[in-house]
Amino acid sequence: MAGALSDDCVDTPQEKENTATNLISKLDEGASQSALSMRRYVPVAEGLDVEDFAGYKQGGYHPTHIGDTLDNGRFRIIHKVGYSSRSFVWLARDLWQESKLVTIKVLIAEISSQCKEDRILALLHSEEHGVENIHVPRLLHKFTIVGPNGTHVSLVLPLIGPTISEYSDAQVKAGLSPYLPSVTAVDFSRQIVGTLAHLHSCGITHGDLKPQNILVSLRRLDALSDQEIYSYLGKPRQEPLHTANGEPAGPSAPKYGVVKANLADFGLEYLTDTVNIADFLDAFSIASPSETLTTTLGYAAPETLLEHKISRCSDVWSLGCTLFEIRFLHQLFPTCNDSRDIMLQNMVKTLGKPPEHQWQHWENRGEYFLDNGAFDACANGRSLLGKRVHNRTAQSHAIGLISEDESKCFEDLLWRMLQYEPTDRITAVEALNHPWLRGEFSGRA
């Protein structure tokens, strides 16, 4: 049986030193020169929060610069506030609407023709489904960009705010603990669960629920000038783009990449007590299940990982993982180097052995556990989850984060969300009546 992993998959100093030695050896062998010759662009310096320049290609990103105007001069780009392998999110001013601040999500050309996010947002905000207390961005406008890399669908959305993961940065900057007080954690979580329940009642599965897709609302910032915005976020840092052969990149790439701004840098004075579920690029109608499974690995349900299935029940599993991370600032099922096997190992170590029909779909299970199920300390999944929550609770007692009563209550909610069998999980509507989400425990802070 393979040795047990620690909670965090972090290289030790010796491992880092060995890794560095191996890299130097590869350099000496000319491996890096070979890799560079296969890339069109020189990679950016490690540690910078900027896109992979390799994404500037046919079907890829649209090249954009600070100060550019889009949609016939209507929107002027101010800063970059988000990106992924499939899109950019730019902070911009709507010059046709009194310079109102908005965000523009520009999709890569390859997926633009399949975009359903605009229709899903419209459905969620339709009167027939009711929009009271709906914490989902409202689509303001949609346009297309025809550029050197193809045609890009662009969605104009309100400026919302930082991710809930980044919210802790604002707390630390203000001299506070990065952890949420229990009353705030419950309030934020209740909004998330209520919004997910609304999605499901509208027949929509989110498909990629995670802390990075939970945004904390900012107060209105329209009155701030560009220079005042930069006084909080910093002026856009521009990283020059260089080709591997030293020749000009041409029109398919920008002159530079922009390091992503952290909207939490506006500080607690501008942050509200409202959270939103965002990024519906992977969302789909329950009546037409998605054929592409794109749930982020650390939040994917076992039926998604092992049986290539996804449903609203899978959202509830992702919800449980998300709530754990919001409460403890730690991933429930950590993984290394996007390893599905490592995540599954941590899942089994936390919840016990899955049902046989799922267990048999894990081809590499024998590398981590005995195939007859007789593996260490996995007789009772509920006790394992309780131990995990208890360990996190014990670490937080010193700063008064969570009481023992809350810990037990929270563990019960997680257990109901993290059942291996999808149909055994609590629904989002049912979860709203759980004691933890109603704040019915002692020691609330």
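What counts and how
- Residues numbered from 1 in each chain as written.
- Predicted model: local features only at pLDDT ≥ 70, side-chain atom pairs only at ≥ 80, totals over all residues.
- Heavy atoms only, no water.
- Helix = DSSP H or I, 4+ residues; strand = E, 2+ residues; numbered from the N terminus.
- Buried < 20%, exposed > 50% of the residue type's maximum accessible area, 1.4 Å probe, protein only.
- Contact = heavy atoms within 4.5 Å.
- Areas by Shrake-Rupley, 256 points an atom, 1.4 Å probe, with all protein chains shown as cover.
- 1 Å grid on protein atoms, 1.4 Å probe; cavity = no way out; pocket = protein on both sides within 12 Å on 5 of 7 lines; lining within 4 Å.
- Points joined across faces, edges and corners; volume = space filled by probe spheres on them.
- Nonpolar A, V, L, I, M, F, W, Y, C, P; charged D, E, K, R; others polar.
- Pairing = 2+ DSSP bridges.
- Phe/Tyr/Trp six-rings, centres within 6.5 Å; stacked < 30°, edge-to-face > 60°.
- Arc of directions from axis to C-beta.
- Salt bridge = Lys/Arg side-chain N within 4 Å of Asp/Glu carboxyl O.

- Per an unreviewed UniProt entry, the chain goes by Protein kinase domain-containing protein and derives from Uncinocarpus reesii.

### So, the overall build of the chain
Then, number 1: Each helix and strand counted, the chain has 14 helices and 12 strands in total.
Then, number 2: Counting the 445 residues in the chain, one finds 52% classified as buried.
Then, number 3: Intrachain contacts of the chain at a sequence separation of at least 6 include 68% that bridge at least 24 residues.
Then, number 4: Of the roughly 20500 Å² of accessible surface on the chain, 50% is carried by carbon and sulfur atoms.

### Concerning the layout of surface pockets
Then, number 1: Estimated volume of the largest pocket: approximately 880 Å³.
Then, number 2: In terms of lining residues, the largest pocket is bounded by 36 residues, among which Gly 82, Tyr 83, Val 89, Gln 212 and Asn 213 are the most central.
Then, number 3: Put simply, the parts of the chain that give the lining of the largest pocket at least two residues each are strand 2 (75–83), strand 3 (87–94), strand 4 (100–107), strand 6 (150–158) and helix 5 (164–173).
Then, number 4: Among the elements that take part in the lining of the largest pocket, strand 2 stands out by supplying three residues, more than any other.
Then, number 5: Split by residue class, the lining of the largest pocket holds 13 nonpolar, 13 polar and 10 charged.

### Considerations on helix 5
Then, number 1: Every buried residue of helix 5 is listed here: Ile 164, Glu 166, Tyr 167, Ser 168, Ala 170 and Gln 171.
Then, number 2: Looking at the buried positions of helix 5, the neighbouring elements they touch are helix 6 (182–201), strand 8 (214–218), strand 11 (271–277) and helix 9 (312–328).
Then, number 3: Backbone geometry just downstream of helix 5 places Gly 175 in the positive-phi region, at approximately 80°.

### Looking at the sheet that holds strand 4
Then, number 1: Pairing is antiparallel across the open sheet formed by six strands, whose spatial order is 1-2-3-4-6-5. With one partner strand each, in any of the chains shown, strand 1 (69–70) and strand 5 (141–147) form the two edges of the open sheet.
Then, number 2: Taken together, the two bridges between strand 1 and strand 2 define a ladder with antiparallel strand orientation. The residue bridging Thr 69 from the neighbouring strand is Arg 76, located in strand 2.

### Points about unusual backbone geometry
Then, number 1: The phi torsion at Glu 98 lies on the positive side, around 55°, for a residue other than glycine.
Then, number 2: Looking at the element boundaries, Glu 98 is found in the loop between strand 3 and strand 4.
Then, number 3: The class for Glu 98 is exposed, based on a relative accessible area of 79%.

### Regarding the environment of Leu 101
Then, number 1: Considering the arrangement of structural elements, one finds Leu 101 in strand 4.
Then, number 2: Separated by 10 residues in the primary sequence, Leu 101 and Leu 91 have C-alpha atoms spaced 7.1 Å apart.
Then, number 3: Apart from residues no more than four positions distant in its own chain, Leu 101 is found in contact with Ile 78, Leu 91, Ala 92, Arg 93, Leu 159, Leu 221, Asp 222 and Ile 229.

### Considerations on the packing of aromatic side chains
Then, number 1: Tallying each qualifying case throughout the model produces 19 aromatic pairs.
Then, number 2: A centroid spacing of 6.0 Å and a plane angle of 70° characterise the contact between Phe 266 and Tyr 270, whose relative ring orientation is edge-to-face. A single burial state applies to Phe 266 and to Tyr 270, both of which are buried.
Then, number 3: Three or more aromatic residues joined by ring pairs form one cluster here, namely Phe 53, Tyr 56, Tyr 61, Phe 88 and Trp 90.

### Let's talk about helix 7 (residues 226–233)
Then, number 1: When helix 7 is considered as a whole, its buried residues turn out to be Asp 226, Ile 229, Tyr 230 and Leu 233. Along helix 7, the residues classed as buried sweep out an arc of 100° about the axis, all on the same side.
Then, number 2: Buried residues along helix 7 sit in contact with strand 2, strand 3 and strand 4.
Then, number 3: Phi for Gly 234, located one or two positions after helix 7, is positive at around 85°.

### So, the pattern of salt bridges
Then, number 1: Tallying each qualifying case throughout the model produces 19 salt bridges.
Then, number 2: Here Asp 226 ties to Arg 93 by a salt bridge, and the two come within 2.7 Å at their closest N and O atoms. Of the two residues, Asp 226 is situated in helix 7 and Arg 93 in strand 3; the sequence distance between them amounts to 133 residues. Of the two residues examined, Asp 226 and Arg 93, each falls in the buried class.
Then, number 3: The partner of Glu 406 in a salt bridge is Arg 327, and the shortest N-O contact between them spans 2.8 Å. Pair noted here: Glu 406 is in helix 13 (residues 404–417) and Arg 327 is in helix 9, with a separation of 79 residues, a long-range link. The exposure classification of Glu 406 matches that of Arg 327, with both residues buried.
Then, number 4: The network of salt bridges with common partners includes Arg 76, Arg 93 and Asp 226.

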